[in-house]
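# Commentary on secondary and tertiary structure
The lines below spell out each chain.
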Amino acid sequence: MEMLEQQRENWGSRGGFILAAVGSAVGLGNLWGFPYKIYSYGGGAFLIPYILAIFIIGIPMLAMEFSLGHFTQRSAPGAFGSANRKFEFVGWWSIILGFVIITYYPVILGYCFSFLWLSIKGIFNGGSLPWAQSGVEGVRKAEEFFYDTYLAHKPGSFSLGAIRWNIFVPLVVAWLSMYLCICKGVKLVGKIVWLTVPLPWLMLLILAVRGLTLEGSIEGLVFYLNPSWEKLAEPTTWRFAFGQVFFSLSLAFGVMVTYASFLHKKSDINNNAAIIGLSDFATSFVAGIAIFATLGGMAFATAKAGSYVPVDKVVSGGPGLAFVAFPYALAQLPYSAWFSFIFFFALVTLGIDSAFSITESILTSVVEKTRWSRSVVLIIMSFVGLLSGIVYTAAGGGLNWLGTIDDFINGTWGIAFVGLLECIVLGWIYRLDRLRVHANERSDFSFGKWWNYLIRIIIPIVLGTLFFWSMFDDFSDKGFFIKAEKFNIPNIVGLSVVAVAPILAIVLGIIGSPFQKTQNLKCVKGYTSGWAGLILALISTLLMVLLMTIALPIHLTQILTIVAVLSSLSALIMTNYCLDNCDIAGNRASASARIGGIVAILNISVIAALTLIRLNNYVKDNGKFTAADIPKELTGVSYIILGVVSLLIIGGLGWCFYKAIVASGKQEQTPQLPQE
Ligand code: PFF
């Protein structure tokens, strides 16, 4: 380990690491992904699961990935491989999903380059922008420009037309820029992000203020901050909110494990995770204000022209949203070409560091495994990524394919499932407490035992429930695979991409693993509680199978469900107790205890998912929450959400920085030991 630390490159400073990790997290996902997901999947209702996911899943898992990367000093496959060689595939799975993202993310970056170029041209053309017009015409023009003139997009179509060279060329520019940023290694990355993180923030603030001063902006804010309860009962709202948290924090894609592996020996872990999680949330939230206030302004413009369109329909939703709303907002500013130039420049810088963080983690993983030359792998990878991205540059259905693949990777079928697997492997198979102690030893503040229970029990149950809920929901939809007597090609392709990833990952994990085991454990303990837990968990599984396959009288169903839940819960308590005690004593828990715990978690998740489906049906049948018109003013709940979010962001970040300052003060006071 010591050797590795000496050999491995590292970030220049703590600031360098934080900014690089913030740089990876804060990206187009915040300005492009977050608003469009809110617009398409639930409006204000999206915010509630999103906030829950940031705090219950995002920040604790970020600390887990940092600790794993820092402790093992390896990229994701190596880190999981050194925990247990059989689980190297988990790391590869996340890397492969990262690769899928890197096929389309640079395309969106390419859109930004195009708008940047058009803004530069605008500056030299006396300030005129090709999408700008005033009043209601401006709303139509912004939409027409992006979808028709730029993309040659056909709504709802998945057929691919000719390559659009005006998208392909900026795509090449995007890949070239990413290549140049990482070809010199992580030290340079640590420096570039000092520019690429603060500048976009400044621009975002300007746009938020401009959006809020547009007439009618309140209607957009109401849509953003007022949860419609019937949407909260839908699985899609939850799955996309949770998926967006993974995407936005670059969680479970192997990036944060890799970045932390370059972190200096004594670096903080817990506080960094909290700072990064909160900053990312703050950026998305402010971007949401900027976009939705603007959409409110657009709706007002339509009303003024006598053809009122409500805010939830004023532009088409989906992945094009940001490229209509932001250009419109920019066109409303004085010196709009200059502001456009600065904004798209900021967007490009924001996207580049996220894009190259994925490339970097794939690169490090491949180089660690194969020992091939870094520069050769980088060139090959860039070409493969570029060529795969061509699909999305096609006229007609290019953007629809981009949205579909993004939905599959980031909507629980892909990334949240990998997150679930990570927690199960590290929580039940690894010695999780080792990671907590490792993180605490070098952090400004410590995580208590509750963190273990979050990673080992709560997060897997939450993600497991979401996974089964989405699965039952999708498969009960008759049109999921076959629609109007035709194969539903986008769903089939999306699901295949997600399904191929684990197969490939297993193959990569099996072939020639160079990773050594790093766990040093005394002996195996906990047979009795392990077997008892496993048997209880299996009884619960059996009962569930029975309940799902045989129609029993209602009271019997209820009794058996309660027995199934109780036996799974008891299994969970027993096996968790066994793992806890083994961890403290440095022993290895018996296989029966680990398997029993995992089976119990899956049982509870399935039961919770089935209960949610029942609840959802009940709500629908009884018309408890019916889709209401968007209110005209912010409601009490909106103000509560606004207050809670501001408190969490400002208070949370303030507290983190205070802890960092106190810790650095203590370090300065501690006399340095003479070097040996
Ligand atoms: N977090 C980035 C964003 O919000 O734009 C996107 C991203 C970067 C996703 C790195 C995944 C990843 F591994």
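Higher on the page you've got the structure.
Residues numbered from 1 in each chain as written. Predicted model: local features only at pLDDT ≥ 70, side-chain atom pairs only at ≥ 80, totals over all residues. Heavy atoms only, no water.

### As for the site of the ligand
Neighbouring the ligand are 15 residues; Ala25, Gly29, Tyr105, Phe247 and Val255 lie closest to it. The contact in question runs from a nitrogen atom of the ligand to an N or O atom on the side chain of serine 250, over 3.1 Å. If the ligand stood free it would expose 330 Å²; the protein chains cover 100% of that surface. A breakdown of the residues in the shell around the ligand according to their chemical character gives seven nonpolar, eight polar and no charged. (Near = heavy atom within 4 Å. Polar contact = N/O pair within 3.5 Å; in protein donor to acceptor, adjacent residues only side chain to side chain. Areas by Shrake-Rupley, 256 points an atom, 1.4 Å probe, with all protein chains shown as cover. Nonpolar A, V, L, I, M, F, W, Y, C, P; charged D, E, K, R; others polar.)

### Observations regarding the environment of serine 638
In this fold, serine 638 is placed in helix H27 (residues 636-669). Separated by 413 residues in the primary sequence, serine 638 and leucine 225 have C-alpha atoms spaced 5.0 Å apart. Among residues more than four places away in sequence, those in contact with serine 638 are Leu225 and Asn226. (Helix = DSSP H or I, 4+ residues; strand = E, 2+ residues; numbered from the N terminus. Contact = heavy atoms within 4.5 Å.)

### Thoughts on the environment of alanine 132
Locating alanine 132 in the fold gives a position in the loop between helix H6 (88-124) and helix H7 (135-151). Through-space distance from the C-alpha of alanine 132 to that of alanine 331 is 5.4 Å; in sequence the pair is 199 residues apart. Sequence-distant contacts of alanine 132, that is, excluding residues within four places in its chain, are made with Lys141 and Ala331.

### Considerations on a nonpolar patch on the surface
Among the surface-exposed residues, Phe475, Phe481, Ile482, Phe487, Ile489 and Val493 lie close enough to one another that they form a single nonpolar patch of about 560 Å² accessible area. One can find phenylalanine 475 in helix H22 (residues 450-476). (Patch = residues over 30% accessible without salt bridge, like charges linked within 9 Å, V, L, I, M, F, W, Y side chains within 5 Å. Salt bridge = Lys/Arg side-chain N within 4 Å of Asp/Glu carboxyl O.)

### Describing the side chain of aspartate 268
Residue position: aspartate 268 is located in the loop between helix H14 (255-261) and helix H15 (270-304). The exposure class assigned to aspartate 268 is buried, which follows from its relative accessible area of 5%. A distance of 2.9 Å separates a polar side-chain atom of aspartate 268 from the backbone nitrogen of asparagine 271. At a separation of 2.8 Å, a polar atom in the side chain of aspartate 268 contacts the main-chain amide nitrogen of asparagine 272. (Buried < 20%, exposed > 50% of the residue type's maximum accessible area, 1.4 Å probe, protein only.)

### Here we look at the packing of aromatic side chains
Under the criterion given, the structure shown has 48 aromatic pairs. Arranged with centres 6.3 Å apart and planes meeting at 75°, the rings of phenylalanine 34 and phenylalanine 46 form a pair that is edge-to-face. Of this pair, phenylalanine 34 sits in helix H3 (residues 28-40) while phenylalanine 46 sits in the loop between H3 and helix H4 (47-72), and the two are 12 residues apart along the sequence. In this pair, the class of phenylalanine 34 matches that of phenylalanine 46, namely buried. Taking the centre distance of 5.0 Å and the plane angle of 10° together, the rings of tyrosine 224 and phenylalanine 292 count as stacked. Residue tyrosine 224 is found in helix H11 (residues 217-225), and its partner phenylalanine 292 is found in helix H15; the two are separated by 68 residues along the sequence. (Phe/Tyr/Trp six-rings, centres within 6.5 Å; stacked < 30°, edge-to-face > 60°.)

### Quick notes on the nonpolar core
The tendency in soluble globular proteins is for nonpolar side chains to be buried side by side. With 222 residues, the main nonpolar core has Trp32, Phe66, Tyr111, Phe146, Tyr224 and Leu295 as its most contacted residues. For this core, the element with the highest residue contribution is H6, accounting for 21 residues. When near neighbours in sequence (up to four residues on either side) are disregarded, tyrosine 224 contacts Phe34, Ile38, Gly44, Leu47, Ser284, Phe285, Gly288, Ile289 and Phe292. (Core = buried A, V, L, I, M, F, W, Y, C linked by side-chain atoms within 4.5 Å.)

### Considerations on helix H17 (residues 336-370)
Taking 1.5 Å of rise per residue, 35 residues should cover 51 Å, and H17 covers 50 Å from first to last C-alpha, within 8% of that figure. Burial runs high along H17: 28 of the 35 residues are buried. After H17 finishes, the residue arginine 371 shows a positive phi value of roughly 65°. (Expected span 1.5 Å × (residues − 1).)

### Describing the environment of serine 279
For serine 279, the location among the structural elements is in helix H15. Spatially, the C-alpha atoms of serine 279 and threonine 549 are 48 Å apart, while their sequence positions differ by 270 residues. Filtering out sequence-adjacent residues up to four positions away, serine 279 remains in contact with Val26 and Leu653.

### A few points about the packing of helix H10 (residues 198-212) against H17
Look at H10 against H17: their axes get within 8 Å of each other, and the N-to-C directions meet at 135°. In terms of orientation, H10 and H17 fall into the oblique class. The handedness of the crossing between H10 and H17 is left-handed. Between H10 and H17, the contacting residues are Leu199, Pro200, Met203, Ile206 and Leu207 on the first element and Phe339, Ile342, Phe343, Phe345, Ala346, Thr349 and Leu350 on the second. By residue class, the composition of the contact of H10 with H17 is 11 nonpolar, one polar and no charged. (Axes fitted to C-alpha atoms, helices over the stretch in contact; angles between N-to-C directions. Parallel < 35°, antiparallel > 145°, perpendicular 65-115°, else oblique. Left-handed = near helix turned anticlockwise from the far one by under 90°.)

### Side note on unusual backbone geometry
Of note, the phi angle at glutamine 73 is positive, near 55°, even though the residue is not glycine. In this fold, glutamine 73 is placed in the loop between H4 and helix H5 (76-83). Given the relative accessible area of 1%, glutamine 73 is considered buried. Of note in this structure, tyrosine 335 is not a glycine but carries a positive phi near 50°. Along the chain, the position of tyrosine 335 falls in the loop between helix H16 (322-331) and H17. We classify tyrosine 335 as exposed; its relative accessible area is 66%.

So far we have only geometry, and geometry alone does not tell us how the molecule works.
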